[in-house]
Amino acid sequence: MATLTEKQLDTLMGYQEGPVFSVYMPTHRTHPDNAQDPEIFRKLVEQFEPVKAEYLRDKGIQNVFSRFEALADDYRFWQHTKEGLAVFATRDSFDVYRLHMPVHPLAIVADSAHVKPLLKYLQSSDRYHVLVLSTNTAQLFEGNRYQLDEINLSQKDVPESMIDALDHELRDLHATLAAYHTATGEKWDVAQNHGLKKTDIDNDIEQFFRAVDRGVMARYSIPTRLPLILASLPEHQHLFRRISRNRQLMEEGIKTNATALSKEALKDAAWEVFEPYYNKRINEIISEYRRATTKRMGADQLEEIVKDAFDGKVATLLLEENRIIRGRIVDRDNVFYYTDDTDGSVDDVLDDLAELVLRRGGEVWVIPKDKMPSETGAASINRF
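Residues numbered from 1 in each chain as written. Predicted model: local features only at pLDDT ≥ 70, side-chain atom pairs only at ≥ 80, totals over all residues. Heavy atoms only, no water.

Participant: Could you clarify how one ought to interpret the overall build of the protein chain in this entry?
Facilitator: When helices and strands are counted, the protein chain shows 14 helices and 15 strands. Going through the 384 residues of the protein chain one by one, you find that 48% of them count as buried. Here the contacts in the protein chain between residues at least 6 apart in sequence split such that 67% fall between residues at least 24 apart. Summed over its atoms, the accessible surface of the protein chain is roughly 19700 Å², and 47% of this surface lies on carbon and sulfur atoms. (Helix = DSSP H or I, 4+ residues; strand = E, 2+ residues; numbered from the N terminus. Buried < 20%, exposed > 50% of the residue type's maximum accessible area, 1.4 Å probe, protein only. Contact = heavy atoms within 4.5 Å. Areas by Shrake-Rupley, 256 points an atom, 1.4 Å probe, with all protein chains shown as cover.)

Right under this line is the structure:
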């Protein structure tokens, strides 16, 4: 099972030979709540029965339904779910993703994968890095309000410990101290037992922090432009901020011994720091849209946005979270809307529009209904 990343999203958006089956549902981590999840999944897949009958002689499509059934019967899989599930299937692929956030139950079959719920999950607007720092260790995480994943640091890019960052002549001494501590369990008393002065230790810590700052900035912050939250004791916050050159470092941090926090507690603490910043960005992008409309550089009518998207004009697309407009984009001048509500297995115009904007280099924001600046489910800001 692959980890859901922006690269995986690009792969899903590349499935252009239909039919493509997309299934979303909320799941549960623990018993007895997770006992009902396989049956919910089966009910969603049952919505595809007309397609199964239509492709009765197509072995590839019939195999898709065999794989759906096998997943529903996989007891071990359903014992290790998270908050949500997304499954995408074609004749040649069957992709299953455990999600760290709940999603609305949905079953859609169309010419392409239905990815709009994943845009909210992956959008960079609510993502950040967390740097957990102590005097001799560094860890880096990437996450959002729903999940937090540790990044496997390469020592050549970011030192994971003070020893990795120190000059060669100091490494043997610190390795000796570490071995002494491990062997005896005694607290280091380097000034008394080993003759190392406090100024030497302070210089080593600063050298370590500088190396971490350089590595994180060059390898992660500059390429991704994600905000960086520092998690460390208050005194280390002061030192790191004094020497840091990272423009992505946020003013607010997690001021505690973060190495002692569980990943779940660290995620909650990080979101508490980041949420005001996220809400501010949402408000700024909505204000930008309103300014754009006064200059005729913004739109909220779907047909107009579709034309602008095809012409490469759309820089930013705002979509209403969980809104589905049944239909599909045929071409620049044609949007086909479904009027028959009995068939749940049709595509979503907003999903098609999101893919169109992303493929032309725009960004997509999925926004809660109460914050959307339009009633149509979409709003756009144009480049020109």
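Participant: Explain the packing of helix α13 (residues 302-310) against helix α14 (residues 349-359) to me, please; I cannot follow it from the model alone.
Facilitator: In a pair of packed helices, the angle between the axes and the distance between the axes together describe the arrangement. Where α13 meets α14, the axes come as close as 9 Å, and the angle between the chain directions of the two elements is 25 degrees. Our classification of the angle between α13 and α14 gives roughly parallel. Crossing angle aside, the handedness with which α13 passes α14 is left-handed. Between α13, through Leu302, Ile305, Val306, Ala309 and Phe310, and α14, the contact on the second element is made entirely by Leu350, Leu353, Leu356 and Val357. (Axes fitted to C-alpha atoms, helices over the stretch in contact; angles between N-to-C directions. Parallel < 35°, antiparallel > 145°, perpendicular 65-115°, else oblique. Left-handed = near helix turned anticlockwise from the far one by under 90°.)

Participant: Which parts of the structure should I look at to understand the pattern of salt bridges?
Facilitator: Close approach of charged atoms allows side chains with opposite charge to pair. Evaluated as defined, the whole model comprises 13 salt bridges. As a salt-bridge pair, Asp348 and Lys116 come within 3.4 Å of each other at their nearest N and O atoms. Remark: Lys116 occurs in helix α6 (residues 116-122) and Asp348 occurs in the loop between β13 (334-337) and α14; sequence separation between them is 232 residues. Under the relative-accessibility criterion, Asp348 is labelled buried at 0%. The residue Glu320 makes a salt bridge to Arg323 at a minimum N-O spacing of 3.2 Å. By relative accessible area, which is 25% here, Arg323 ends up partly exposed. Among the charged side chains, a salt-bridge network with shared partners connects Glu39, Arg42 and Asp73. (Salt bridge = Lys/Arg side-chain N within 4 Å of Asp/Glu carboxyl O.)

Participant: When you look at the environment of Asp351 in this model, what are you seeing that I'm missing?
Facilitator: Along the chain, Asp351 falls in helix α14. Placed 23 residues apart in sequence, Asp351 and Arg328 show a C-alpha to C-alpha distance of 8.6 Å. With sequence-adjacent residues up to four places away left out, Asp351 is seen in contact with Ala113, His114, Val115 and Lys116.

Participant: In this structure, what is going on with the pairing of strand β4 (residues 106-110)? I would like to understand it.
Facilitator: For a regular strand, the rule is simple: side chains alternate between the two faces of the sheet. Most of β4 sits out of view: five of its five residues are buried. Here β4 shows no split at all, with Leu106, Ile108 and Ala110 on one side and Ala107 and Val109 on the other all buried. When strand β1 (residues 20-26) meets β4, the two strands line up antiparallel, connected through five bridges. Counterpart to Val20 in the pairing with β4 is Ala110. (Pairing = 2+ DSSP bridges.)

Participant: Honestly, the nonpolar core in this entry has me stumped. Any pointers?
Facilitator: In summary, soluble globular proteins display a tendency toward joint burial of nonpolar side chains. Ranked by internal contacts, the top residues of the largest apolar core, which has 43 residues, are Leu12, Phe88, Leu99, Leu118, Leu317, Leu353 and Ala378. Among the elements that make up this core, the one with the highest residue count is α14 (six residues). With 27 residues, the next largest nonpolar core counts Val130, Val132, Phe141 and Ala231 among its residues. (Core = buried A, V, L, I, M, F, W, Y, C linked by side-chain atoms within 4.5 Å.)

Participant: So what exactly am I meant to see when it comes to the packing of aromatic side chains here?
Facilitator: The description of an aromatic ring pair rests on the distance of the ring centres and on the angle between the ring planes. Scanning the entire structure with this criterion turns up 18 aromatic pairs. Note on Phe65 and Phe68: the rings are 6.1 Å apart at their centroids and 75 degrees apart in plane angle, and the pair reads as edge-to-face. Here Phe65 and its partner Phe68 are both found in helix α4 (residues 59-72), three residues apart, which amounts to about one turn of the helix. Each of the two residues, Phe65 as well as Phe68, counts as buried. (Phe/Tyr/Trp six-rings, centres within 6.5 Å; stacked < 30°, edge-to-face > 60°.)

Participant: What is the right way to read the side chain of Ser134 from this model?
Facilitator: Relative to the assigned elements, Ser134 resides in the loop between β5 (128-133) and β6 (138-143). The exposure class assigned to Ser134 is buried, which follows from its relative accessible area of 13%.

Participant: I'm lost on the side chain of Thr376 in this one. Help?
Facilitator: Positionally, Thr376 belongs in the loop between β14 (363-367) and β15 (378-382). Within the local environment of Thr376, its side chain forms a polar contact with the backbone oxygen of Asp300, the two atoms lying 2.5 Å apart. A distance of 2.9 Å separates a polar atom in the side chain of Thr376 from the backbone oxygen of Ala378. Once you skip the residues sitting within four places of it in the chain, Thr376 turns out to touch Asp300, Gln301, Leu302, Arg323 and Ile325. (Polar contact = N/O pair within 3.5 Å; in protein donor to acceptor, adjacent residues only side chain to side chain.)

Participant: I would appreciate a short explanation of the sheet that holds strand β8 (residues 228-232) in the present structure.
Facilitator: Paired through their backbone hydrogen bonds, the strands of a sheet run either parallel or antiparallel. Here we have five strands laid out as an open sheet, ordered β7-β6-β5-β8-β9, and mixed in their pairing. The sheet is open, and its two borders are formed by β7 (148-151) and β9 (254-255), each paired with just one other strand. One ladder, built from two bridges, connects β8 with β9; its direction is parallel. Bridging from a neighbouring strand, Ala231 pairs with Ile254 of β9. Its contacts with the sheet place helix α11 (residues 234-243) against β5, β8 and β9, and it is angled at close to 135 degrees to β8. In this fold helix α12 (residues 263-294) packs onto β5, β6, β7, β8 and β9, with an angle of close to 120 degrees to the strand it touches most, β5.

Participant: What's the story with the packing of helix α2 (residues 37-46) against α4 in this structure? I'm lost.
Facilitator: At their nearest, the axes of α2 and α4 sit 9 Å apart, and the two run at 165 degrees to each other. If you check the angle between α2 and α4, you find them roughly antiparallel. Note that α2 runs across α4; the crossing there is left-handed. Here α2 contributes Pro38, Phe41, Arg42 and Val45 to the contact with α4, which in turn contributes Phe65, Phe68, Leu71 and Ala72.

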